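Residue-level structural notes
Next come the chains, spelled out residue by residue.
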Amino acid sequence: MTGTLVLAGTPIGDTADAPPRLAAELERADVVAAEDTRRLRRLTQALGVHTQGRVVSYFEGNESARTPELVEALEGGARVLLVTDAGMPSVSDPGYRLVAACVEKDIKVTAVPGPSAVLTALALSGLPVDRFCFEGFLPRKAGERLGRLREVEGERRTLVYFEAPHRLDDTLAAMAEVFGAERRAAVCRELTKTYEEVKRGPLKDLAAWAAEGVRGEITVVVEGAPQTGPAELDAEELVRRVQIREEAGERRKEAIAAVATETGLPKREVFDAVVAAKNAARQSPADGKGLS
């Protein structure tokens, strides 16, 4: 008989938020796979429990290599508990490869639900939460980041992102550029911890605030795109969308076609707006802006 893989949610800040089942599973498991064994030790001390099983590390650097070892233990009947540093395994954390391997081998997978930075940030944001999508971490490189944001530019559901504090200002500035400076958002910092802070406002204001420096673990919640029709988009907005696509690496012809498709406008109308902006830029070279 094969064993069971247990995905265990861990506190995102306050250890008092640990679900009661977590302590029982930590003591019961034959193998505890932890993203950081030192953090696991601090967690067990805080909960007053002792792990009886073997403790192994399971993080991004060894996830591929260690997955077969854990699958072998599961096939031998072991109960394997997977914990990450905070939140639920597999959600922007190690775990997906192991779950996929277990599903393929028909090994039982269950979960101990726990705190989630995604849901906590959504609830605190003050933005619509009836429909949302989680986008995880954005790419580090500016061009790739713009490209990823452009993919969801017209997404009407509320968007949720994780971000590192040292990249937050660049990310918010890119969001303001792609989504619009006035798009509402919330930056949730250090959720459930001592210095928890939720900063709400237009993307342009949040970007200016983040430029001064922000610390801690960050979750960003962004309002979905407004419901607009072709008639509501002026020439300036069409040109802005084409420019964003060009800066992300698309050729102008492809960018124009894509903007026409996403707005429902004829390609000729988008093309004319781009040509007019280009001519205007040539007549006002001192401005330094516009299409070249």
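Description of the structure in this document. Predicted model, so just to flag it, every value in this text is computed and none were measured.

On to the layout of surface pockets. In this model, the largest pocket occupies a volume close to 590 Å³. Together, 28 residues line the largest pocket, and Ala86, Asp93, Ala117, Phe162 and Glu217 are the ones closest to its centre. At three residues, the largest contribution of residues to the lining of the largest pocket is made by helix α5 (residues 117-125). Residue composition of the lining of the largest pocket, grouped by class: 14 nonpolar, six polar and eight charged.

Let us look at the nonpolar core. Within the largest apolar cluster, 26 residues are counted, with the highest numbers of intra-cluster contacts made by Tyr161, Leu168, Leu172, Met175, Phe179 and Val222. Elements that contribute at least two residues to this core include exactly α6 (142-151), β7 (158-163), α7 (168-179), β8 (184-189), α8 (203-210) and β10 (218-222). Of the residues forming this core, the biggest block, seven residues, is contributed by α7. Not counting residues up to four positions away in its chain, the partners in contact with Leu168 are Glu163, Val187, Trp209, Ala210, Val214, Ile218 and Val220.

The sheet built from five strands is open, its strands ordered β3-β2-β4-β1-β5 with parallel pairing. Pairing within the sheet leaves two strands with one partner each, and these edge strands are β3 (54-57) and β5 (108-112). The sheet shows a mean angle of 20° between the axes of neighbouring strands, direction not considered. Pairing of strand β1 (residues 4-8) with strand β4 (residues 79-83) involves five bridges; the strand directions are parallel. Paired with Leu7 across the two strands is Leu82, which belongs to β4. Against the sheet, helix α1 (residues 20-28) touches β1, β2 (31-34), β4 and β5, its axis set at about 130° to β4. Sheet strands touched by helix α3 (residues 63-75): β1, β2, β3 and β4. Its angle to β3, the strand with the most contacts, is close to 155°.

Here is what the cut-offs are and how they apply
Residues numbered from 1 in each chain as written. Predicted model: local features only at pLDDT ≥ 70, side-chain atom pairs only at ≥ 80, totals over all residues. Heavy atoms only, no water. 1 Å grid on protein atoms, 1.4 Å probe; cavity = no way out; pocket = protein on both sides within 12 Å on 5 of 7 lines; lining within 4 Å. Points joined across faces, edges and corners; volume = space filled by probe spheres on them. Helix = DSSP H or I, 4+ residues; strand = E, 2+ residues; numbered from the N terminus. Nonpolar A, V, L, I, M, F, W, Y, C, P; charged D, E, K, R; others polar. Core = buried A, V, L, I, M, F, W, Y, C linked by side-chain atoms within 4.5 Å. Buried < 20%, exposed > 50% of the residue type's maximum accessible area, 1.4 Å probe, protein only. Contact = heavy atoms within 4.5 Å. Pairing = 2+ DSSP bridges. Axes fitted to C-alpha atoms, helices over the stretch in contact; angles between N-to-C directions.

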